[in-house]
Amino acid sequence: MTSGTRGTRPVPVPAPVPPFPYRTRPPQVLLAVGAVLLVSAGAALGSAYGGPLVRTAVLLLAAVAAGVSVRADRAGLRTSAETFAASAAGLGLAGSDVPGALRAGDPLPALLLAGVFLGLHRLSPTPVAWPLAAWAAGQVAVLRSLDGVPEALRTELFLGVSLVGLGIALWARPLVARLTMATTAPWWAAGVLGGTREAWTAAAGERWLAAALVVAAGAGLLLARLRRPLDVLLGPPRLVPVVAGGVSAGAVAGAGSAGGPVVVAVAGFAGVLIAATSAAELSGWRRGLLLPVALTGGVLLAVLSILRLVHGRHWSELALLLLLTAAPTVWVAALRRDDRPVAAPTAVGCLAGAALLGLPDGWASPSVVAGLLTALYVLSLLTAARLERDSRRATALAAAACAVLAVVLLVVGGDRGPVAAHLAAQGTATLGWAWWTGRAGTATDDDTDSTTGWRIGAAQLVLAGWLAAALAGLGAVEAYSVPAAGGLLLAAGRGLLRDPSWQSWGPGLVVAAAPSTVLAVVTPDALRAVLVLALAAVAMVAGGRAGLRAPLLVGSGAALVLALGLAVRALPWPVATALVVGSVLLLIGMLRERRPVAGFATRLADLR
């Protein structure tokens, strides 16, 4: 022993406790070796001779050891009491032929022996050998009773034994709890597997009974997670909740499948509701323990229900499930900001899936489903416009999928007429979303989303205009150049008001003016020439009025090109050629006077 100091008086410091087995004392070693020898000898006698007289002698020796254990416990000799109790339990099990034949023997001796051990535990509660021996003898009695139990009740028997073992593990001392939990695992696994099989294959009433027992077994396993001494046997913290939720969902899904497709759909909705409600309401330690159970069980129950409905081709019930699923996800998206990036697009996906299921079930035509998808696209964008950026982007992507599906359905169905109307409606909604997300006062990161929205909306409107022109049989180039120009202007978005005019207005104005100006020059179309000149004058005046360079330059350029082109076309060929050649020479001369190159900077007298 070492010593420390506190002031002037030494304070003794206890020596560190040596590791096991060095901290055992000689009497404990003697007791352990003696118990092993005694039980080994009794077991050897029982197995070698096996007669009634020998077994009776072994049982009497076990009774003597039990009596000594009780006396030692009352005397406060805990090691002696535990050692003699273990010896008595071993001798009792050996003398009653419990270890000899686990399945073929008579269950009554093992059951009586379990009762005796329980009585000794009540009389002398200190030794842990009594409850462990009672649990071992009880398991042997159950194994020997299996041949007399009907096949339909064996699952209930396994689950009942596992529930008893879980109850012991919850309330017993740590050592007893751990050993009981370890030996309960095979019963629990066999009961859960058998109960799940019955939940999927048995009659309706038996299915729900089996499902209830499986859920109870999962709940018992979840309660075992609350005991710290059992952590070493239960693995990572989330393993037990996930397993409990998974087995419960599998059994409930199997029991619900016997009630028809409507019950299956309701069961799937219940799974979604459980998962959504738990994600929205649980907090603190309950969230850490119960949320994995709810998410695993709820999602698995929903997935199994969907697979069951798909396998049975129950499209209406599946659509009902998706509609019911959308309701709690919207609720979660409204209440929990952290879950919005998942909940909001999930709701859009469920509603879109419900609409699409109208096709195989025959209650909706492709045009009706396309209309529903376009309406969902508009509503989704309206909703996404009021969400945070992360939630908005995920919801907008889900909405975009709805828009694409609507157009694809119409194109595949050969119904080209409404495609232009759908594209126009979608483009208008997209532009409204882009305007809202890029309005003044929002975050700078929203500029990317707004710019993308302006471009996509413009492309949708351009396609709608082109398709409408094609369906109307319009052959004029303006039927295609003007929508393209408008699309380029719309794609610039708010840049029309704040960016340089040549960058924002220029591309659209050039696309609008160039084809018509060229055709007005090369073709004898007086109306087109008049319209080009009139619009060029309007562009120049408007550009000067607004202080924009691009409209002024594009308008003046179109007017000059058109005037020169018409003049050149009206002149005789020699005069027109002289005019063109002279203009070219003037341009080259002015350019080389400003920027001379080799030869142009030399006097004529100096040329070769």
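Being a predicted model, the structure only gives us computed values, none of them experimental.

Calculation rules
- Here the residue numbers are simple positions, counted from 1 along each chain's written sequence.
- For a predicted model such as this one, the threshold for reporting local features is a pLDDT of at least 70, and the threshold for listing and counting side-chain atom pairs is 80 or more; totals across whole chains, interfaces and linings nevertheless cover every residue.
- To get the side-chain values, all heavy atoms of the structure are used, and hydrogens and water are removed first.
- Note on conventions: DSSP H or I runs of at least 4 residues are helices, E runs of at least 2 residues are strands, and numbering of each starts at the N terminus.
- Burial status follows relative accessibility: with a 1.4 Å probe on protein chains alone, a residue under 20% of its type maximum counts as buried, one over 50% as exposed, and anything between as partly exposed.
- A contact between two residues is defined here by any heavy atoms of the two lying within 4.5 Å.
- Only the protein chains shown count as cover for residues, with accessible areas throughout obtained via the Shrake-Rupley method and a probe of 1.4 Å.
- Only the stretch in contact is used when a helix axis is fitted, and all axes are lines through C-alpha atoms; the angle between N-to-C directions ranges over 0 to 180 degrees.
- The labels follow the angle: roughly parallel below 35 degrees, roughly antiparallel above 145, roughly perpendicular from 65 to 115, and oblique for the rest.
- By definition, any crossing whose near helix is turned counterclockwise from its far helix by less than a right angle is left-handed, and any crossing with a clockwise turn is right-handed.
- Three classes are used, and their members are as follows: Ala, Val, Leu, Ile, Met, Phe, Trp, Tyr, Cys and Pro are nonpolar, Asp, Glu, Lys and Arg are charged, and the others, Gly among them, are polar.
- Only one rule defines a salt bridge in this text: a Lys or Arg side-chain nitrogen within 4 Å of an Asp or Glu carboxyl oxygen.
- Residues adjacent in sequence count toward polar contacts only when both atoms are side-chain atoms; beyond that, a polar contact is any pair of N or O atoms within 3.5 Å, and within protein one must be able to donate a hydrogen and the other to accept it.
- In this scheme, a helix's expected span is set at 1.5 Å multiplied by one less than its residue total.
- Note on scores: pLDDT gives the predictor's confidence for each residue, bounded by 0 and 100.
- What we call a nonpolar core is a set of buried Ala, Val, Leu, Ile, Met, Phe, Trp, Tyr and Cys residues that are connected through their side-chain atoms within 4.5 Å.
- Note on patches: the residues involved have over 30% relative accessible area and no salt bridge, like charges join within 9 Å, and the nonpolar side chains Val, Leu, Ile, Met, Phe, Trp and Tyr join within 5 Å.
- To get the bend at any residue, fit one axis to the seven residues that end at it and another to the seven that begin at it, then take the angle between the two axes.
- Here a Phe, Tyr or Trp ring, Trp counted by its six-membered ring, pairs with any other such ring whose centre lies within 6.5 Å, and the pair is stacked when the planes are under 30 degrees apart, edge-to-face when over 60, and tilted otherwise.

Right, let's get into the overall build of the protein chain. Counting its regular elements, the protein chain contains 26 helices and 2 strands. Within the protein chain, buried positions represent 38% of all 608 residues. Partitioning the intrachain contacts of the protein chain with sequence separation of at least 6 by distance along the chain shows that 66% fall at a separation of at least 24. Here the protein chain has roughly 32,900 Å² of accessible surface; of this, 71% comes from carbon and sulfur atoms.

Locating T184 in the fold gives a position in helix α7 (residues 174-201). In this structure T184 comes out as buried when scored by relative accessible area, which is 2%. Residue contacts for T184: discarding those within four places in its chain leaves W135, S162, G165 and L166.

Further remarks concern the packing of helix α11 (residues 261-281) against helix α12 (residues 284-311). Interhelical geometry of α11 versus α12 gives an angle of 155° and a closest axis separation of 8 Å. Relative to α12, α11 is oriented roughly antiparallel. The chirality of how α11 crosses α12 is left-handed. In contact with P261, V264, A265, A267, G268, G271, V272, I274, A275, S278 and A279 of α11, α12 contributes R287, L291, A294, L295, G298, L301, A302, S305, R308 and L309. Its residues placed into classes, the contact of α11 with α12 shows 14 nonpolar, 5 polar and 2 charged.

Our next topic: the pattern of salt bridges. According to the stated counting rule, one finds 1 salt bridge in the structure shown. Of the charged contacts, one joins R528 and E478 as a salt bridge, the two residues approaching to 2.9 Å between their closest N and O atoms. Remark: E478 occurs in helix α20 (residues 478-492) and R528 occurs in helix α24 (residues 526-546); sequence separation between them is 50 residues. A relative accessible area of 16% means that R528 is categorised as buried. With a relative accessible area of 21%, E478 lands in the partly exposed category.

Turning to the packing of helix α23 (residues 506-522) against α24, a few remarks are in order. Packing of α23 against α24 leaves a shortest axis separation of 9 Å and a crossing angle of 135°. Between α23 and α24, the angle is such that the two are oblique. For α23 against α24, the interelement crossing comes out left-handed. When α23 is examined against α24, the residues S516, T517, L519 and A520 are found in contact with a partner set consisting of R528, A529 and V532. Here the contact of α23 with α24 is composed, by residue class, of 4 nonpolar, 2 polar and 1 charged.

Further remarks concern the environment of L356. Note that L356 resides in helix α14 (residues 340-356). Residues L356 and L373, 17 residues apart in the sequence, show an inter-C-alpha distance of 8.5 Å. If we skip the residues at most four places from it in the chain, L356 touches V369, L373, L405 and L409.

Further remarks concern the environment of T523. Mapped onto the secondary structure, T523 falls in the loop between α23 and α24. In this structure T523 comes out as partly exposed when scored by relative accessible area, which is 25%. Along the backbone, T523 and L566 are 43 residues apart, and their C-alpha atoms lie at a distance of 9.9 Å. Leave out the neighbours within four places in its chain, and T523 touches R528 and R569. A distance of 2.3 Å separates a polar side-chain atom of T523 from the backbone oxygen of L519.

Working note: α-helix, 3.6 residues per turn, so residues spaced by three or four point in the same direction. Here α11 contains 21 residues, and its C-alpha end-to-end distance of 30 Å stays within 8% of the 30 Å for a straight helix at 1.5 Å per residue. Those residues of α11 lying buried are V264, A265, A267, G268, F269, G271, V272, A275, A276, S278, A279 and A280.

A few words now on the confidence of the model for the protein chain. Predicted confidence across the protein chain gives a mean pLDDT of 77, with 78% of residues reaching 70 or more. Under a pLDDT of 50 for its full length, residues 20-42 has, in the predicted model, 21 contacts with residues more than four places off or in other chains. When the criterion is pLDDT under 50, residues 44-49 qualifies, and its contacts beyond four places in sequence or with other chains add up to 5 contacts.

One finds M181, W188, V192, L230 and L234 to be the most contacted residues of the largest nonpolar core, which totals 21 residues. Looking at this core, the elements with two or more residues in it are α6 (151-171), α7, α8 (204-224) and α10 (239-256). The dominant element in this core, judged by the number of residues it contributes, is α8, at 6 residues. Beyond its immediate sequence surroundings of up to four residues, W188 is in contact with S162, L166, A217, G218, L221, V243 and V247. Membership of the second largest hydrophobic core comes to 17 residues, among which are A352, A398, L409 and L423.

What follows deals with a nonpolar patch on the surface. Together, L108, L111 and L112 line one region of the surface with nonpolar side chains, adding up to about 310 Å² of accessible area. By secondary structure assignment, the location of L112 is in helix α4 (residues 107-123). Exposure remark for L112: the relative accessible area of 54% places this residue in the exposed category.

Between its terminal C-alpha atoms α7 stretches 39 Å, which fits the 40 Å expected from 28 residues at 1.5 Å a residue. Residue T184 marks the point of greatest curvature in α7, where the axis turns by about 35°; the proline P186 follows within four residues.

To describe a pair of aromatic rings, you give the distance between the ring centres and the angle between the ring planes. A full pass over the atoms with the stated rule returns 2 aromatic pairs. Ring centres 6.3 Å apart and planes at 55° place the aromatic pair W435 and W436 in the tilted group.

Below, the discussion takes up the environment of W435. Following the sequence through the fold, W435 ends up in helix α18 (residues 417-437). Along the backbone, W435 and W454 are 19 residues apart, and their C-alpha atoms lie at a distance of 7.7 Å. What W435 contacts, discounting residues up to four positions off in sequence, is W454 and R494.

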